[in-house]
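Chain by chain, the residues:
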Amino acid sequence: MNDQRLTDLISQLKADQDTLANQPIPGLAERCMDEAWGPTVEFSVPLSTAAPFTHKLRWLLVPVTAGCVFLAGYLLATRTSRPMLQGKMGSDAIAIETGKSITATADRVLPLRFTDGSVVTVQPKATVEVARLTTSGAEVLLENGALLADIVHTPDTQWQIIAGPFRVLVTGTRFLTSYRPNFQSLEVQLYQGSVLVQGPMLGNGIPLVAGQKLEVGVGQAVVVRPLHRALASQPTPPKIAPLIAPTSDDWPSATASPMEKTSDLEPVPTPALLPATPTQPKAPAKPTSPALPANLPRSPDWANLADEGQYEAALEAAEAVGFTELCKGLPAHRLITLADVARFAGDPALTRKAFESLVKRFPRERYAADALFGLGRLSSETGNPRQAARWFERYLRDWPNDALVEQAAGRLLELYQTLGDDAGAVASAKYYLEHHPSGMRVTHAKRILSDHGVEANR
Amino acid sequence: MEIVRGLRERQAFAANALVGQYGPYVRRVLFRVMGTQDPEHEDLVQEVFTRAIAGIKQLTSPGALRAWLTQIAVFTARGVIRHRRRSNWLMFLVEVPDQPADAPPPSVCEAAGCVYQILDQMPVDERIPYSLRLFEGMDLAELATACGVSVATVRRRLARAEARFARLAAKYEALAPWVRST
């Protein structure tokens, strides 16, 4: 590596950062004081019709930021005298601290009990984090493994279980959530109540009712099916340990294990898969990829290592077998895993190879959409905006109704600007406004057209 | 120190002085670790100062105020990075700020983006000391204090981070003019 040249680059970056750092943030000290020390005056005016800025009512006119949303929530909580939720874990009733990882041992569950009566039971070997506690619920991160949630319903209940890119919004339910971070795959089994699951592949969110099971993963089909049928039809036992509910103590106790109740469920008609638009390619019932050639060395090692999150070792194992051979012989659903391994191990060249192989060999399979989007992103990250634009355009052309089309169209706006390609920028801005009139980048697209003297059609 | 004493007594002048005097420094530390394109930057700055103001009683040595703020900034950034990695597939799309008239040429912008994309791929406990060493020039003792680990540990992490950065940087074409050996 050329140290002098890198030093020169770093110096330039530093100078830019220093310039920005010297710019003050208006109102920062006051917001910090209010958040740290609390408000100095109680008010009865709704925040949306707040009085003009005064010395004492100094928090009312504040820009909308995440910190101020929190502050508003805190003020509202103190004004209405609702206590923040608190939690205790295990039989020792140790106070739960937000922001700290909690891992259950391999041989037992770990119950987390909250003052609203809700119980989150961390299954053996699973890791969670209570990220936030509010007056009406909590935000729990499921890092890996499974948890059983018994959430008490009230009109204001707002709980969230976040697993990777997925969110389960809860208003009063009992359900099991399992997350595999290596494959970004989520499973939700709902026993009581209803939830809304959000995240990639899920559009505006998938509602589930009691007796349903949802399985989703980035790069995989979304499946919703009856819970008891899913259990009966599973070819292999679930990898999570048997569900165990915590025993009662002086805090509100959990209900019985849901496994005892599933047999009481009435058969639920199989819900339709995500409704397909007329032009959406049909997802095949089974992967149509050819069987692995018999002479290809069996290499479960790389896949096992990937499953354990050891991506660099997994990539080394895959390369030892022959990365190119794997790209030529693996079925689509394994090839996307191989690409993920290369991506997480930080090897863009091999990631690109796996993605390109997938697109070439399985152009009509759903995984090809993820590969095309991944190639666009990869090319952006490695400083190839022209190539990135081609991949995103192909993605939009081949999979016009896919989950990430708005992201891809938005990305094209930036890429053509980076390239200084005026015609491309205008075309991408028109495309974006036509196909995503309510998208996140509407302002950006309109600005591009305005800068080029083109009127936005409405 | 007047600022620390004033914060303990919940005096507004002390909070104003803290933010005024150390605001640029805290912003710089967060820029070193997170880059300048992070949409949550101002929220993170606010979080750092809120924690400092609320937790001022934990500061036993007023003379170590700057080091203490560095520590809070590092831990705040670390928490955000860890949280984002749990849901990062769609997070690469950030708002493109308006380019100022004197913006550096596109190649430097691309290279800057690549530097932070490489940092994004590094384990957080390597990324933080490496970025602070690279951009802020912190010595081992300062890094150890900021990260809450021993000097030996930070030295090991730096060595791994340097090797990883060099390996990853070699794969980015936009960085080629800066990393290609002469």
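Residues numbered from 1 in each chain as written. Chains lettered and ligands numbered in written order. Predicted model: local features only at pLDDT ≥ 70, side-chain atom pairs only at ≥ 80, totals over all residues. Heavy atoms only, no water.

A. Looking closely at the overall build of chain B. Secondary structure summary: chain B contains nine helices and zero strands in total. Written out in order from the N terminus, the α and β elements of chain B read α-α-α-α-α-α-α-α-α. Residues counted as buried form 49% of the 182 residues belonging to chain B. Within chain B, contacts between residues separated by at least 24 positions form 66% of all contacts whose residues are at least 6 apart in sequence. Entry remark: accessible area of chain B is about 8,200 Å², with carbon and sulfur atoms responsible for 52%. (Helix = DSSP H or I, 4+ residues; strand = E, 2+ residues; numbered from the N terminus. Buried < 20%, exposed > 50% of the residue type's maximum accessible area, 1.4 Å probe, protein only. Contact = heavy atoms within 4.5 Å. Areas by Shrake-Rupley, 256 points an atom, 1.4 Å probe, with all protein chains shown as cover.)

B. Summary view of the overall build of chain A. Helices and strands together make up the secondary structure of chain A, namely 14 helices and 15 strands. The buried share among the 458 residues of chain A stands at 50%. Summarising the internal contacts of chain A: among those between residues at least 6 apart in sequence, 49% fall at separations of at least 24.

C. Structural context of the packing of helix α13 (residues 422–435) of chain A against helix α14 (residues 442–451) of chain A. All names here are of chain A. Here α13 crosses α14 at 140°, and the two axes come no closer than 9 Å. Relative to α14, α13 is oriented oblique. Considering how the two elements wind past one another, α13 and α14 form a crossing that is left-handed. Residue-level contacts link Ala425, Val426, Ala429, Lys430, Tyr432 and Leu433 of α13 to Val442, Ala445, Lys446, Ile448 and Leu449 of α14. Residue composition of the contact of α13 with α14, grouped by class: nine nonpolar, no polar and two charged. (Axes fitted to C-alpha atoms, helices over the stretch in contact; angles between N-to-C directions. Parallel < 35°, antiparallel > 145°, perpendicular 65-115°, else oblique. Left-handed = near helix turned anticlockwise from the far one by under 90°. Nonpolar A, V, L, I, M, F, W, Y, C, P; charged D, E, K, R; others polar.)

D. Representation of the pairing of strand β8 (residues 159–163) of chain A within the structure. Residues and elements named next belong to chain A. Counting buried positions along β8 yields four of five residues, so the element is predominantly enclosed. Pairing analysis gives three bridges linking strand β7 (residues 138–150) to β8, with the strands arranged parallel. The residue of β8 that forms the bridge with Leu141 is Ile162. Across five bridges, β8 lies against strand β9 (residues 166–170) in antiparallel orientation. Considered in β9, the bridge of Gln160 is made with Leu169. In this antiparallel pair of consecutive strands, β8 and β9, the connection spans two residues, and Gly164 shows a positive phi of 60°. (Pairing = 2+ DSSP bridges.)

E. Broad picture of the pairing of strand β11 (residues 185–192) of chain A. Residue and element names in this part refer to chain A. Extensive coverage of β11 is indicated by the burial of seven of its eight residues. Two elements, strand β10 (residues 174–180) and β11, share seven bridges in a ladder whose sense is antiparallel. Bridge pairing links Tyr179 to Leu186 in β11. Relative to strand β14 (residues 212–217), β11 runs antiparallel, the two sharing five bridges.

F. Seen up close, the packing of helix α8 (residues 332–344) of chain A against helix α10 (residues 366–381) of chain A. Residue and element names in this part refer to chain A. Two numbers describe how α8 lies on α10: the axes approach to 10 Å, and their chain directions differ by 20°. Comparing their axes, α10 and α8 come out roughly parallel. In this structure, α8 meets α10 at a crossing whose hand is left-handed. Of α10, the residues touching α8 (which contributes Ala332, His333, Ile336 and Arg343) are Tyr367, Asp370, Ala371 and Arg377. Grouping the constituent residues of the contact of α8 with α10 by class yields four nonpolar, one polar and three charged.

G. Quick look at the environment of Arg8 of chain B. Residue and element names in this part refer to chain B. Residue placement: Arg8 occurs in helix α1 (residues 2–8). Along the primary structure Arg8 and Ala54 are separated by 46 residues, whereas in three dimensions their C-alpha atoms are 9.0 Å apart. Ignoring sequence-local partners within four residues, the contact set of Arg8 consists of Ile56, Lys57 and Leu59.

H. Looking closely at the pattern of salt bridges. Counted by the stated rule, this structure contains 21 salt bridges over all chains. With its nearest N and O atoms 2.3 Å apart, the salt bridge here joins Glu414 of chain A to Arg411 of chain A. Of this pair, Glu414 of chain A and Arg411 of chain A are both found in helix α12 (residues 405–419), three residues apart, which corresponds to roughly one turn of the helix. Of the charged contacts in the structure, one is a salt bridge between Glu47 of chain B and Arg51 of chain B, with a shortest N-O distance of 2.9 Å. You can see Glu47 of chain B and its partner Arg51 of chain B sitting in helix α3 (residues 41–54), four residues apart, about one turn around the helix. We classify Glu47 of chain B as partly exposed; its relative accessible area is 31%. A single salt-bridge network, built from bridges that share partners, covers Glu312 of chain A together with Glu126, Arg160, Arg164 and Arg167 of chain B. (Salt bridge = Lys/Arg side-chain N within 4 Å of Asp/Glu carboxyl O.)

I. Structural view of the confidence of the model for chain B. Residues and elements named next belong to chain B. With 82% of its residues at a pLDDT of 70 or more, chain B shows a mean pLDDT of 81. Confidence drops under pLDDT 50 across residues 86–101; counting only partners more than four residues distant or on other chains, this segment forms 42 contacts. Model confidence for the complex is summarised by a pTM of 0.39, with the ipTM given as 0.81. (pLDDT = per-residue confidence, 0-100.)

J. Geometry of the nonpolar core. Core analysis: the biggest nonpolar cluster contains 69 residues, and Leu7, Leu18, Phe49, Leu65, Val115, Phe165 and Leu175 of chain B have the highest contact counts within it. The dominant element in this core, judged by the number of residues it contributes, is helix α2 (residues 12–34) of chain B, at 11 residues. (Core = buried A, V, L, I, M, F, W, Y, C linked by side-chain atoms within 4.5 Å.)

K. Highlighting helix α9 (residues 348–361) of chain A. All names here are of chain A. Helix length check: α9, at 14 residues, gives a terminal C-alpha distance of 20 Å against a target of 20 Å (1.5 Å per residue), a fit within 8%. If you check which residues of α9 are buried, you get Pro348, Leu350, Thr351, Ala354, Phe355, Ser357, Leu358 and Val359. For α9, the secondary structure elements touched by its buried residues are α6 (311–321), α7 (323–329), α8, α10 and α11 (385–398). (Expected span 1.5 Å × (residues − 1).)

L. Seen up close, the packing of aromatic side chains. What the rule picks out here adds up to five aromatic pairs over all chains. Judged by centre distance (5.0 Å) and plane angle (85°), the rings of Phe114 of chain A and Trp159 of chain A are edge-to-face. Note that Phe114 of chain A is positioned in strand β4 (residues 110–114) and Trp159 of chain A in strand β8, a separation of 45 residues in sequence. Owing to a relative accessible area of 1%, Trp159 of chain A belongs among the buried residues under this scheme. Three or more aromatic residues joined by ring pairs form one cluster here, namely Phe373, Phe392 and Tyr395 of chain A. Arg66 of chain B extends its terminal NZ or CZ atom over the ring of Tyr25 of chain B, reaching a point 3.9 Å from the ring centre. (Phe/Tyr/Trp six-rings, centres within 6.5 Å; stacked < 30°, edge-to-face > 60°. Lys NZ or Arg CZ within 6 Å of the ring centre and 35° of its normal.)

M. Summary view of the confidence of the model for chain A. Residue and element names in this part refer to chain A. Confidence in the prediction of chain A, expressed as mean pLDDT, is 73, and 69% of residues score 70 or more. Here residues 40–80 is modelled with pLDDT under 50, and outside its nearest four sequence neighbours on either side it reaches 46 contacts, counting other chains as well. Low pLDDT, under 50, characterises residues 229–299; the stretch is placed with 99 contacts to residues that sit more than four places away or in other chains.

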